[in-house]
Amino acid sequence: MSTSFASALNAAKEAAGAQNYPQGALYVVATPIGNLADITLRALHVLQIADNIACEDTRHTQQMLRAYGLDKSGQQLLAVHQHNEAERASQVIELLQQGKRVVYVSDAGTPGVSDPGARLCAAVQAAGLRAMPLPGASSVTTAVSVAGIVSPDAQGFLFAGFLPTKAAERATVIDKLASEPRAVVLLEAPHRILELSQALSVLGDRPVTLAREISKQFEQITTHPAHTLVAWLESDSQHSRGEFVVVIHPATQTAEHDPKEQQILQLLLAELPMKTAVKLAAQITGGARNRLYEMALALKSGSSDSADDAGEDSDNP
């Protein structure tokens, strides 16, 4: 058994041991995405007291457990991955109904976020049993936290995960995402990052952050205009190594009022309620809804002023 994390295990028991950990519950535990020290104290404690551990890859998980100095037998580990998740859910439910504490971990990060776990949780909850999340490492939020996303028009981000591998399908998705006013977060494997970057070049000067090897020794996070990504990747063979999180920043508005947007919005306002007109204008033009709403208010105000002026003029002889 490893002694590297002996003090962490003791700290985990002291910090989290007094809390309630009901039997017959599924504990969905986030695990490190690279640096083993990113495990939480509560996760370490739950892994210690677990009766069974369901995991994406039993060999990978056993290696992680041994690194923490945790001794679990092979019989306590159950493989639950994307190819058998629905089938193995019934086995996990049976263990829970026996009053067992079962932990689920994916290979890295938070289960259910582009990793197995969602179907298992759905089945457990449908059986009237409890699924308890233990927060921790996530490549998605980690990359977003340092991407420097600044957008006065749209808050939050859209997580789109892995895009289709076929070029035509991927191009169609990117075309739709181009009009998304929020930042868009993608995941990509090293052997496909060049193809993805080539497809993203249609976004022109739109900033894109590439985050690779997050929390590992050769972590690299860099932001470039979309059309320069391919050149950056090809400038050094190391740039394409490791798993990637790709953050497409919101489109920068170069002008406060786009004449085309204003024309479309005016036509829609003439026939529809403001809320509906703004919604349709955003869908048609790809403009930010908040900004279009402000434009609509200004247009409506201008129309009211013009109508009032016309009324005053008509009263004059």
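Residue positions are given per chain, counted from 1 along the sequence in the order it is written. With the structure being a predicted model, the display of local features is reserved for residues of pLDDT at least 70 and the display and counting of side-chain atom pairs for 80 or more, all residues being used for whole-chain, interface and lining totals. Computation of side-chain values covers all heavy atoms of the structure but excludes hydrogens and water.

A few words on the sheet that holds strand β5 (residues 130-134). Spatial ordering of the open sheet is given by β3-β2-β4-β1-β5, a layout of 5 strands whose pairing is parallel. Of all strands in the sheet, those with a lone pairing partner are β3 (77-79) and β5, marking the two edges. Strand-to-strand twist in this sheet, taken as the mean axis angle between neighbours without regard to direction, amounts to 25 degrees. If DSSP finds at least two bridges between two strands, the strands pair. A run of H or I in DSSP counts as a helix once it spans at least four residues, and a run of E counts as a strand once it spans at least two, with each numbered from the N terminus. Pairing geometry for strand β2 (residues 52-55) and β3, over 3 bridges, is parallel. For Ile53, the partnering residue across the bridge sits in β3 and is Leu77. Axis angles are defined between N-to-C directions and span 0 to 180 degrees, where every axis is a line fitted to C-alpha atoms and, for a helix, only to the segment in contact.

Turning our eyes to something else, we now look at the nonpolar core. Grouped together as the largest cluster of nonpolar side chains are 26 residues, with contacts concentrated most on Tyr27, Val29, Ile53 and Val103. At the level of elements, α1 (6-16), β1 (25-29), α2 (41-49), β2, α3 (58-67), β4 (102-105) and β5 are the ones that each hand at least two residues to this core. In terms of nonpolar packing, the next biggest core, distinct from the first, is built from 18 residues, Leu196, Leu200, Ala226 and Val246 among them. Working definition of a nonpolar core: buried Ala, Val, Leu, Ile, Met, Phe, Trp, Tyr and Cys residues. They are joined through side-chain atoms within 4.5 Å. Throughout this description, buried means an accessible area under 20% of the type-specific maximum (1.4 Å probe, protein chains only), exposed means over 50%, and partly exposed covers the range between.

The next point concerns helix α5 (residues 118-126). Buried within α5 are the following residues: Leu120, Cys121 and Val124. Seen along its axis, α5 keeps its buried residues to an arc of 95 degrees; they face one direction. Opposite the buried face of α5, by more than 90 degrees, sit the exposed residues Arg119 and Ala126. Buried residues along α5 sit in contact with β1, α4 (85-97), β4 and β5. This arc corresponds to the set of directions leading from the helix axis out to the C-beta atoms. Residue contacts are counted whenever heavy atoms from the two residues lie within 4.5 Å of one another.

The predictor rates its confidence in each residue with pLDDT, a number between 0 and 100. Mean pLDDT over the protein stands at 90; residues scoring 70 or higher make up 91%. Contacts from residues 306-317, a stretch scored under 50 in pLDDT, to residues over four places away or in other chains number 0 contacts.

What follows is about the packing of α1 against α2. When two helices pack together, their arrangement is captured by the angle between the axes and the distance separating the axes. Between α1 and α2, whose axes approach to 8 Å, the crossing angle comes to 95 degrees. As summarised for this structure, α1 and α2 are arranged roughly perpendicular, according to the angle between their axes. Here α1 contributes Ala8, Leu9, Ala11, Ala12, Lys13, Ala15 and Ala16 to the contact with α2, which in turn contributes Leu41, Arg42, Leu44, His45 and Gln48. Any residue outside Ala, Val, Leu, Ile, Met, Phe, Trp, Tyr, Cys, Pro, Asp, Glu, Lys and Arg is labelled polar, Gly included; the first ten of those are nonpolar and the last four are charged. A class-by-class count of the residues in the contact of α1 with α2 yields 8 nonpolar, 2 polar and 2 charged. Our angle categories are set so that under 35 degrees counts as roughly parallel, over 145 as roughly antiparallel, 65 to 115 as roughly perpendicular, and the remainder as oblique.

Another aspect to go through is the packing of aromatic side chains. Only centres within 6.5 Å qualify two rings of Phe, Tyr or Trp (six-membered ring in Trp) as a pair; their planes then separate them into stacked at under 30 degrees, edge-to-face at over 60, and tilted for everything else. For the structure shown, the criterion picks out 2 aromatic pairs. Where Phe5 meets Tyr68, the ring centres are 4.8 Å apart and the plane angle is 85 degrees; that geometry is what we call edge-to-face. Here Phe5 is found in the segment before α1, whereas its partner Tyr68 is found in the loop between α3 and β3, with 63 residues between them in sequence. We note that Phe5, like Tyr68, is buried. Plain terms: the ring middles of Tyr21 and Tyr27 are 6.4 Å apart, the flat faces sit at 50 degrees to each other, and that makes the pair tilted. Of the two residues examined, Tyr21 and Tyr27, each falls in the buried class.

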